[in-house]
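In case you want the letters, here they are:
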Amino acid sequence: MKDVDDPFFGDEMMRALQAARDGEVAQMRTRPGAVVHGRVLSSDDPDAFGWDDLREGLRREGVVQIRGGTPEVILKAEHELAGFAPKQHFWDIFAADAEAVRAACGRIVAGGLPDGITRQPDDEIDASVLHEMQGFLTEHGVAPFSKPALAGDLIPARPVILRMADGAIAATGYAAMVHNDHSWLSGMAFVGLIAVDPAARGLGLGKMADAIANLIAVDELGAAGAAEFVAADNAASRAVLRACGLEQVPGRMVVNFSASDVRITR
């Protein structure tokens, strides 16, 4: 099999995580407490999902995620998963409803792309382009999803790819419907995989890619709004999310419980 035809990308651990998540999509779309994730076994209601299954996932794969946990849920997770002595990696949650997304992101996109920057047409995003996107994400510290997950073959999803004048990828984004009907985020899209080539920084491409992905979420995927995750010390990304109309959700966090000190993705 050629690399471009391989659905998975990355080192052995990352490829195994992608394969495991792709294989679980059907059940995660209806299972209480489950999130359809591209990499990590994730739950937004671990009591409903089952702590035994989260412990088994941590034992098997070395990382699990609690998505949108309150302080009380995170404290319980620390107790339930204590036998693994896991490291904790945190992200804040930012969200907006469709009206706020359209108002803020519509203004950004209406301003147009900078000179020399073009958007890859959706009908030209094939396996070769997705392979290129996976490599770009990896190079810039964002763990990629599989090609089927990126392409929207598993759940409603769309990638965003912006290119420089020489054809190289300048920035990426992604929108997907990952939260099922049982979720506190039901109807909300996940927006992420935002990455910008350092050579293209200063052009506002992170904000543009994020705005396009948010508009895709509400206008093409039919989402009621969008949610994104960002680390507390990532001031630049937090400013982008606010510019796109999203605000921090108080009292809820995304936490990866991991056997490693290293974040699986930035």
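Here, every reference points to the structure presented above.
What you see is a predicted model; the values in this text were computed from it and never measured.

Visitor: For this particular structure, what's the right way to read the pairing of strand β7 (residues 169-176)?
Guide: Most of β7 is tucked away, with eight of its eight residues classed as buried. Bridge count between strand β6 (residues 157-163) and β7: seven bridges; the pairing is antiparallel. Directly across from Arg163, in β7, lies its bridge partner Ile169. The hairpin turn running from β6 into β7, its antiparallel successor, is five residues long, and Gly167 in that turn takes a positive phi close to 95°. Taken together, the five bridges between β7 and strand β8 (residues 188-196) define a ladder with antiparallel strand orientation. When the sheet's bridge partners are listed, Ala175 is paired in β8 with Val191.

Visitor: When you look at the packing of helix α8 (residues 205-219) against helix α9 (residues 235-243) in this model, what are you seeing that I'm missing?
Guide: Between two packed helices, the angle of one axis relative to the other and the distance separating the axes together describe the packing. Axis separation between α8 and α9 bottoms out at 9 Å; the angle between their running directions is 45°. Put simply, α8 runs oblique to α9. The handedness of the crossing between α8 and α9 is right-handed. Facing α8, whose interface residues are Gly206, Lys207 and Asp210, α9 presents Val240, Leu241 and Ala243. The class makeup of the residues in the contact of α8 with α9 is three nonpolar, one polar and two charged.

Visitor: I tried to follow helix α5 (residues 98-110) on my own but got confused; where do I start?
Guide: Note: α-helices contain 3.6 residues per turn, so residues at a spacing of three or four share the same orientation. Across its 13 residues, α5 extends 17 Å between first and last C-alpha, which sits within 8% of the 18 Å expected from 1.5 Å per residue. Where α5 is concerned, the buried positions are Ala98, Val101, Ala104, Cys105 and Ile108. For α5, the elements touching its buried residues are β4 (87-97), α8, β9 (225-230) and α9. In the stretch just after α5, Gly112 is the one whose phi turns positive, near 80°.

Visitor: Whenever I open this one, the packing of aromatic side chains confuses me. Can you help?
Guide: The way to describe two aromatic rings as a pair is by their centre distance and the angle between their planes. All told, the structure shown has two aromatic pairs when counted by the stated rule. Note that Arg252 overlies the ring of Trp184, its terminal NZ or CZ placed 4.0 Å from the centroid.

About the criteria used
- Residues numbered from 1 in each chain as written.
- Predicted model: local features only at pLDDT ≥ 70, side-chain atom pairs only at ≥ 80, totals over all residues.
- Heavy atoms only, no water.
- Buried < 20%, exposed > 50% of the residue type's maximum accessible area, 1.4 Å probe, protein only.
- Helix = DSSP H or I, 4+ residues; strand = E, 2+ residues; numbered from the N terminus.
- Pairing = 2+ DSSP bridges.
- Axes fitted to C-alpha atoms, helices over the stretch in contact; angles between N-to-C directions.
- Parallel < 35°, antiparallel > 145°, perpendicular 65-115°, else oblique.
- Left-handed = near helix turned anticlockwise from the far one by under 90°.
- Contact = heavy atoms within 4.5 Å.
- Nonpolar A, V, L, I, M, F, W, Y, C, P; charged D, E, K, R; others polar.
- Expected span 1.5 Å × (residues − 1).
- Phe/Tyr/Trp six-rings, centres within 6.5 Å; stacked < 30°, edge-to-face > 60°.
- Lys NZ or Arg CZ within 6 Å of the ring centre and 35° of its normal.

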